[in-house]
Amino acid sequence: MLINVPETVVADALRGIAAAHPELTVDVERRVVVRRDAPVAGKVALVSGGGSGHEPLHAGFVGPGMLDGACPGEVFTSPVPDQMVRAAAAVDSGAGVLFVVKNYTGDVLNFEMAAELAEDEGIQVAKVLVDDDVAVADSLYTAGRRGTGATLFVEKLAGAAAEEGMPLERVESLARRVVRRSRSFGVALSSCTTPAKGSPTFDLPPGELELGVGIHGEPGRERRGMMTAREIAEVAVDAVLDDLRPSDPVLLLVNGMGGTPLLELYGFNAEVRRVLDARRVPVARTLVGNYVTSLDMAGCSVTLCTADEELLRLWDAPVATAALRWGR
Amino acid sequence: MLINVPETVVADALRGIAAAHPELTVDVERRVVVRRDAPVAGKVALVSGGGSGHEPLHAGFVGPGMLDGACPGEVFTSPVPDQMVRAAAAVDSGAGVLFVVKNYTGDVLNFEMAAELAEDEGIQVAKVLVDDDVAVADSLYTAGRRGTGATLFVEKLAGAAAEEGMPLERVESLARRVVRRSRSFGVALSSCTTPAKGSPTFDLPPGELELGVGIHGEPGRERRGMMTAREIAEVAVDAVLDDLRPSDPVLLLVNGMGGTPLLELYGFNAEVRRVLDARRVPVARTLVGNYVTSLDMAGCSVTLCTADEELLRLWDAPVATAALRWGR
Amino acid sequence: MSGTYGAGFAARWMAATAEAVEREAGRLTELDAAIGDADHGANLRRGFAAVADALAKEPPATPGAVLVTAGRLLISTVGGASGPLYGTLLRRAGKALGEAGEVTRTELADALAAGVAAVGQLGGAVAGDKTMLDALEPAVAGLRESFAAARAAARDGALATVPLRARKGRAAYLGERSVGHEDPGAASSALLFDALEEVAAG
Amino acid sequence: MSGTYGAGFAARWMAATAEAVEREAGRLTELDAAIGDADHGANLRRGFAAVADALAKEPPATPGAVLVTAGRLLISTVGGASGPLYGTLLRRAGKALGEAGEVTRTELADALAAGVAAVGQLGGAVAGDKTMLDALEPAVAGLRESFAAARAAARDGALATVPLRARKGRAAYLGERSVGHEDPGAASSALLFDALEEVAAG
Ligand SMILES: Nc1ncnc2c1ncn2[C@@H]1O[C@H](COP(=O)(O)OP(=O)(O)O)[C@@H](O)[C@H]1O
Ligand SMILES: Nc1ncnc2c1ncn2[C@@H]1O[C@H](COP(=O)(O)OP(=O)(O)O)[C@@H](O)[C@H]1O
Ligand SMILES: [Mg+2]
Ligand SMILES: [Mg+2]
Ligand SMILES: [Mg+2]
Ligand SMILES: [Mg+2]
């Protein structure tokens, strides 16, 4: 592993982010990354965060048109409320803060505590819970679906909405709409290795794969013998379409888990598109790359978001972050 | 591996690029990617290419402000002259074409043949050879230094120069200047696995690393026991600085080989910056990410380019490609 | 043997827990690797090291204050699911102990019961969901009897999670595949009561 | 035994080479993995398969035309270093054979010598640099004697690359570490002369 010691991985990365990105303010000690020009007067602010190891999520999405602040936790460990409160205080212009929370027990509990503390400090806080992973049963008697690839859609689209000047409750309801319209399915071709453990989280012999994995190196729902990209695309897309029947053209994220070469991801995108064409689901926009990762895990996920005119406009709106950047 | 069969990996990826990027024209059959608006009237055109497996290089750098066309070969295999001639013909506006060639025997020979053929077709062609890897001895009696990370600098800076309207000979001499001022050093923490071979190109036990590797899964010059990110940064930066004594602030590329998580790369960037600070080399711009990769290889490389005012202006100039994008 | 227990005792309990977690961090992480994300050991080590440190530097005056401080610090340093849950357990228990300088074992059991209830409320889990509650609930019941009974009950409760199918926390994502593994949070809860018995035994 | 050799013979040579390369592709790739980039087998397989295909579909009328066609196709389908080099070898040899419908073994040797010289010029390598030239040069010299001598000389030349330190091609990047491995291009050159002898032997 390209690290010093496991204990300093997150702090080291934050120093590196600070060195590479003068357009960000990085508090290495307190683990908060905010856009340099925060708070932006009159603008609703977006704050997200979660365990590290999913880069570029979230710090790579801080900037105009997307997040105002991010709080990275330890690897695969939700950040603590103190970070979230500090980030909220740093970015709030008075127009309020939206917390974008991936649905994991740790993230939910810590952001809940943070929201209470922030409100005590007079910051208006709303929360949106991202839970898009169809591999996980969603019921009151479970932890609910995990938040994975859709987080990128929520942060981009709600970020654009906030940049347009929408008030907090509209940004919040837009974010919820994106969550409602988004679903994902992930596949692992290898485990990942966390710095703390130093060896793969689970054993996956070459030639086998795990279907329905999350982004924390946890095993999936089912192990299978090797499949072709075409077969994997069918399983992933159909799993998503079982849960989401798009009435409109979709936004498509073909996401790499970190260890899968872009060459393979693009090839996979061709197969995903083939399946979507066969299922008569039109694709409005496609993003291919390693965006919501699981350290060095080989594998991929497919996220669809049913777009509409407003969401397309927000998707195309300018964004200027380390990892996502387009428009003026 | 996330593929169908090894034989179709490149064609599959091109179909996926076509599906994801309507702003590119992709000839899957003939393996040529050009910007949709090519040829751009009056503009010198840049064409590059090389073996596949280094994505986003080169197709991910096709677009306004960078390359006009790219020809991907088979994995780690130089493309054939036919592709290069076709790309040149597709992008030439009459102002001539600059071939950006990484210094490998295969690339050199194929581009040479292509240049002759293109000139037969009445296209004015210039070539620039990128050879930045200080791990390799440079002499008449060797194959010379390899082309690695500096390719990104050449394509970005010469691309910006062409976009500004510089004539062919000035774009060419600028490209040569960038080559002269750029040096790289790479380190592997694992081998890569090519689709054709299906198992790692070389065996590297966990806990060991190869110093001075290229981007084709070839072993390096020396094997060592594991080192910390700090130690690796020292070796890599000092190897570069042995060969390049920057008189001006540098452009810094901290490049991932494909399998190293961004979290680790940013941590490594912190250590690289620490060494450069200690050596009193000021850093003008930093780019951190997986840009010139070697499939799924874990590892990193450091590239420095001594900048000057013109190069800084060209670096900051707008670019709009799949993998590199900024400015208006 | 039924004495009373003061701030020093509570602080020694936390220190002993920190030691146990330090010693067992690898095992906790392995358990978490099997059905979670391989961080439980590192999480608790970071948290309890901070707790032991802080208590050594500025020892609070009452057992309640010790537990409240410990809980707050866990919340501020652990993160993940276990940070808020363990933090709430200790903070709520500490609050329940109030200002008393010395407390009985029964008072401690009552306070911890309040803490456990708060954990249930916060995380929405119930006994049998394969979480730390499966060790904590029997441990607190055992504590009404003796420290040794608490320790034994916690261990049994932790081991009893092996055949369960997880319904809460990260292991729930595995469905049937979570069966056959001990819950890491239940295993760490057992360490808490190991430490309590050891400190009480002197 | 000194007959003459026509277009059919040349085409069978190319077909036999394609078969040999197909059969030995794995070994060539392994050799290339050790000191190169693990693609030599796949490269030549792709190229010679295209050659065999094209020659079967539209058989040229002279041995020279067969080799020119083969060389052009290798250049258009192989890529890498070996594509232009093998392509040049055959194209130049074919050109040297001219329009003749039948050629002698000596004429073939002369033509291949011209091809080998062109390879040297194009790639800038000389004997002893640990490249295909180390098999090609002795093979062509042997061919003046017999097909069998050519085959043996090519094999010996290929094996003689093992102790060499590479000075050209990708293996040169390894410096001293290239010592102890057979050069993949020399190994594939030996296949070319295996095939030639087999076809000549009928
Ligand atoms: N909803 C919950 N209620 C009670 N305990 C829980 C709940 N969710 C998780 N836990 C406990 O937390 C433990 C995991 O802690 P840890 O690994 O530190 O956090 P994370 O799951 O965020 O990685 C589980 O083993 C379980 O005992
Ligand atoms: N300059 C050169 N002159 C002659 N032969 C060369 C030269 N460079 C490389 N070769 C030959 O090419 C072989 C490698 O071919 P191949 O693996 O197909 O191409 P690449 O090196 O581009 O991957 C080497 O083993 C060597 O025999
Ligand atoms: Mg965790
Ligand atoms: Mg090659
Ligand atoms: Mg965990
Ligand atoms: Mg090769």
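Small disclaimer: the values here were computed from a predicted structure and weren't measured.

About the criteria used
- Residues numbered from 1 in each chain as written.
- Chains lettered and ligands numbered in written order.
- Predicted model: local features only at pLDDT ≥ 70, side-chain atom pairs only at ≥ 80, totals over all residues.
- Heavy atoms only, no water.
- Helix = DSSP H or I, 4+ residues; strand = E, 2+ residues; numbered from the N terminus.
- Rg over C-alpha atoms; globule rule 2.2 N^0.38 Å.
- Buried < 20%, exposed > 50% of the residue type's maximum accessible area, 1.4 Å probe, protein only.
- Contact = heavy atoms within 4.5 Å.
- Areas by Shrake-Rupley, 256 points an atom, 1.4 Å probe, with all protein chains shown as cover.
- Lys, Arg positive; Asp, Glu negative; His and termini not counted.
- Charge placed at Lys NZ, Arg CZ, Asp CG, Glu CD.
- Near = heavy atom within 4 Å.
- Polar contact = N/O pair within 3.5 Å; in protein donor to acceptor, adjacent residues only side chain to side chain.
- Nonpolar A, V, L, I, M, F, W, Y, C, P; charged D, E, K, R; others polar.
- Pairing = 2+ DSSP bridges.
- Buried area = accessible area lost by both parts, 1.4 Å probe.
- Salt bridge = Lys/Arg side-chain N within 4 Å of Asp/Glu carboxyl O.
- UniProt positions renumbered as here; feature names shortened; annotations may be inferred.
- Axes fitted to C-alpha atoms, helices over the stretch in contact; angles between N-to-C directions.
- Parallel < 35°, antiparallel > 145°, perpendicular 65-115°, else oblique.
- Left-handed = near helix turned anticlockwise from the far one by under 90°.
- Phe/Tyr/Trp six-rings, centres within 6.5 Å; stacked < 30°, edge-to-face > 60°.
- Lys NZ or Arg CZ within 6 Å of the ring centre and 35° of its normal.
- Donors = N, O, S within 2.8 Å, 3.2 Å for Na, K, Ca; no water.
- Least-squares fit on C-alpha atoms with pLDDT ≥ 70 in both.

Visitor: Describe the overall build of chain A, naming the residues involved and giving the relevant values.
Guide: Within chain A, the regular secondary structure consists of 8 helices and 14 strands. Whereas a compact globule of 328 residues would reach a radius of gyration of roughly 20 Å, chain A reaches 19 Å, a difference of no more than 12%. Based on the C-alpha atoms only, the size of chain A along its principal axes is roughly 55 × 50 × 40 Å. A total of 328 residues make up chain A; the buried ones form 68% of that total. Here the contacts in chain A between residues at least 6 apart in sequence split such that 72% fall between residues at least 24 apart. By element, 49% of the accessible surface of chain A is carried by carbon and sulfur atoms, the whole surface being about 10,200 Å². Each charge sign in chain A was given a centre, from 32 positive and 45 negative side chains, and these centres are 5 Å apart.

Visitor: Outline the side chain of E74 of chain A, supporting the account with residue identities and numerical values.
Guide: With respect to the secondary-structure elements, E74 of chain A resides in strand β4 (residues 69-75). Setting aside chain neighbours within four positions, we find E74 of chain A in contact with V10, R31, G51 and S52 of chain A together with R46 of chain C.

Visitor: How would you summarise the site of ligand 1 if you had to cite specific residues and measurements?
Guide: Around ligand 1, 21 residues are found, and the nearest of them are D37, H40, S82, D183 and G185 of chain C. Among the chains of the assembly, those with residues near ligand 1 are chains A and C. Between ligand 1 and M132 of chain C, the relevant distance is 2.9 Å, taken from an oxygen atom to a main-chain nitrogen or oxygen of the residue. Within the side chain of R170 of chain C, an N or O atom sits 3.2 Å from an oxygen atom of ligand 1. Contact with the protein chains covers 97% of the free accessible surface of ligand 1, which is 570 Å². Going through the elements one at a time, α2 (40-57), α4 (82-97) and α8 (184-201) of chain C are the ones with two or more residues in the shell around ligand 1. Top element by residues in the shell around ligand 1 is α8 of chain C. It accounts for 3 residues. Residue classes in the shell around ligand 1 are distributed as 6 nonpolar, 9 polar and 6 charged.

Visitor: Give a description of the pairing of strand β3 (residues 45-52) of chain B that names residues and reports values.
Guide: Residues and elements named next belong to chain B. The element β3 is largely enclosed, with a buried count of 8 among its 8 residues. Where β3 meets strand β5 (residues 97-102), 4 bridges bridge the pair, whose relative direction is parallel. For A45, the partnering residue across the bridge sits in β5 and is V97. Where β3 lies against strand β4 (residues 69-75), 5 bridges are found, and the strand directions are parallel. Its bridge partner being in β4, V47 is matched across the sheet by G69.

Visitor: Can you lay out the interface of chain B and chain A for me, pointing to particular residues and giving the numbers?
Guide: Each partner contributes residues to the interface: chain B has 49 residues there, and chain A has 49 residues. Across the interface of chain B and chain A, roughly 3,900 Å² is buried in total on both sides, 64% from carbon and sulfur atoms. Run the count over chain B and chain A and you get 2 salt bridges. For the side of chain B that touches chain A, the secondary-structure elements that each account for two or more residues are α1 (9-20), α6 (229-243), α7 (262-278), β11 (283-289) and β14 (325-326) of chain B. Per element, the largest residue contribution to the side of chain B that touches chain A is 11 residues, and it comes from α7 of chain B. Counted by class, the side of chain B that touches chain A contains 27 nonpolar, 13 polar and 9 charged residues.

Visitor: Outline the UniProt feature "domain: DhaL" (unreviewed entry) in chain C, supporting the account with residue identities and numerical values.
Guide: UniProt's entry tags residues 8-198 of chain C with the feature "domain: DhaL" (unreviewed entry), counted in the numbering of this structure. Helix and strand shares over residues 8-198 of chain C are 71% and 1% respectively, and the end C-alpha atoms of the span are 14 Å apart.

Visitor: Describe the packing of helix α6 (residues 133-143) of chain C against helix α7 (residues 147-159) of chain C, and please don't skip the residues or the numbers.
Guide: Residues and elements named next belong to chain C. With their axes 7 Å apart at the nearest point, α6 and α7 run at an angle of 160 degrees to one another. As far as their axial angle goes, α7 and α6 are roughly antiparallel. Handedness of the α6/α7 crossing: right-handed. Seen from α6, the contacting residues are D134, A135, P138, A139, G142 and L143; seen from α7, they are F147, A149, A150, A153, A154, G157 and A158. Each residue belonging to the contact of α6 with α7 can be placed in one class, and the counts come to 10 nonpolar, 2 polar and 1 charged.

Visitor: Let's hear about the arrangement of the chains: which residues, and what values?
Guide: Among the 3 pairs of chains that make contact, the interface with the largest number of contacts is formed by chains A and B. As for chain D relative to chain C, no contact occurs, and the smallest C-alpha gap between them is 35 Å.

Visitor: Requested: an account of the packing of aromatic side chains, with residues and values cited.
Guide: All names here are of chain C. Under the defined criterion, the tally for this structure stands at 14 aromatic pairs over all chains. With a centroid separation of 6.1 Å and 50 degrees between ring planes, the pair formed by F9 and F147 is classed as tilted. Here F147 lies in helix α7 and F9 lies in helix α1 (residues 7-35), a separation of 138 residues in the sequence. For F9, a relative accessible area of 8% corresponds to the buried category. Look at F147 and you get buried, because its relative accessible area is 7%. The ring of F147 is capped by R105, whose NZ or CZ atom sits 6.0 Å from the centre of that ring.

Visitor: How would you explain the side chain of E172 of chain A if you had to name every residue and give the values?
Guide: All names here are of chain A. Tracing the chain through its elements places E172 in helix α5 (residues 168-180). Side chain to side chain, E172 and R176 meet in a polar contact 2.3 Å long. Leave out the neighbours within four places in its chain, and E172 touches L98, A126 and K127.

Visitor: Can you explain unusual backbone geometry? Please cite residues and give values.
Guide: All names here are of chain B. Each neighbour pair has its own omega, and for A38 with P39 the value is -10 degrees, a cis peptide bond. Here P39 lies in the loop between β2 (32-35) and β3. Phi angles above zero are rare outside glycine, and R280 is one such case at about 55 degrees. The class for R280 is exposed, based on a relative accessible area of 73%.

Visitor: Before we move on, could you go through the coordination of the magnesium ion (ligand 4) and cite the residues and values that matter?
Guide: Bound to the magnesium ion (ligand 4) are the protein donor atoms F76 of chain B (O), D37 of chain D (OD) and D39 of chain D (OD), situated 2.1 to 2.2 Å from the metal. Separation of the magnesium ion (ligand 4) from the magnesium ion (ligand 6) amounts to 3.5 Å, with D37 of chain D serving as a shared donor to the pair. Of this pair, F76 of chain B sits in the loop between β4 and α2 (81-91) while D39 of chain D sits in the loop between α1 (7-35) and α2 (40-57), on two different chains. Comparing F76 of chain B with D39 of chain D, the two get one shared label, buried.

Visitor: Quick one: what's the story with the relation of the copies chain B and chain A, residue by residue and with numbers?
Guide: The operation relating chain B to chain A is a screw motion whose rotation component is 180 degrees, with 0.0 Å of axial translation and a residual RMSD of 0.0 Å. Such a combination of turn and shift is consistent with a two-fold rotation axis. Counting the interface residues of chain B, we find that 100% of their copies in chain A are interface residues as well, pointing to one common contact surface.

Visitor: Explain the site of ligand 2 to me, and be specific about the residues and the numbers.
Guide: Around ligand 2, 21 residues are found, and the nearest of them are D37, H40, A81, S82 and D183 of chain D. Surrounding ligand 2 is a set of residues that belongs to chains B and D. Contacts to ligand 2 include M132 of chain D, whose backbone N or O atom sits 2.9 Å from an oxygen atom. Between an oxygen atom of ligand 2 and a side-chain N or O atom of D183 of chain D, the distance comes to 2.5 Å. Protein contact buries 96% of the 570 Å² of open area that ligand 2 shows by itself. Counting only elements with at least two residues in the shell around ligand 2, the list comes to α2, α4 (82-97) and α8 (184-201) of chain D.

Visitor: Explain the interface of chain D and chain B to me, and be specific about the residues and the numbers.
Guide: The interface is formed by 32 residues belonging to chain D together with 37 residues belonging to chain B. Buried surface at the junction of chain D and chain B, summed over both partners, amounts to about 2,500 Å²; 57% is from carbon and sulfur atoms. Linking chain D with chain B are 2 salt bridges. R177 of chain D serves as the salt-bridge partner of E210 of chain B, at 2.7 Å between the closest nitrogen and oxygen. Looking at the side of chain D that touches chain B, the elements that each hand over two or more residues are α1, α2, α3 (63-77) and α4 of chain D. A per-class count over the side of chain D that touches chain B returns 13 nonpolar, 10 polar and 9 charged.

Visitor: Just give me the short version of the coordination of the magnesium ion (ligand 5), but keep the residues and values in it.
Guide: Residue and element names in this part refer to chain C. Protein coordination at the magnesium ion (ligand 5) comes from D32 (OD), D37 (OD) and D39 (OD), with a distance range of 2.0 to 2.1 Å. Each donor residue of the magnesium ion (ligand 5) lies on one chain, and together they are spaced D-x4-D-x1-D. In this structure, the magnesium ion (ligand 5) is positioned 3.5 Å from the magnesium ion (ligand 3), and both are ligated by D37. On the basis of relative accessibility, which here comes to 2%, the residue D37 falls in the buried class. Among the residues examined, D39 registers a relative accessible area of 8% and is labelled buried.

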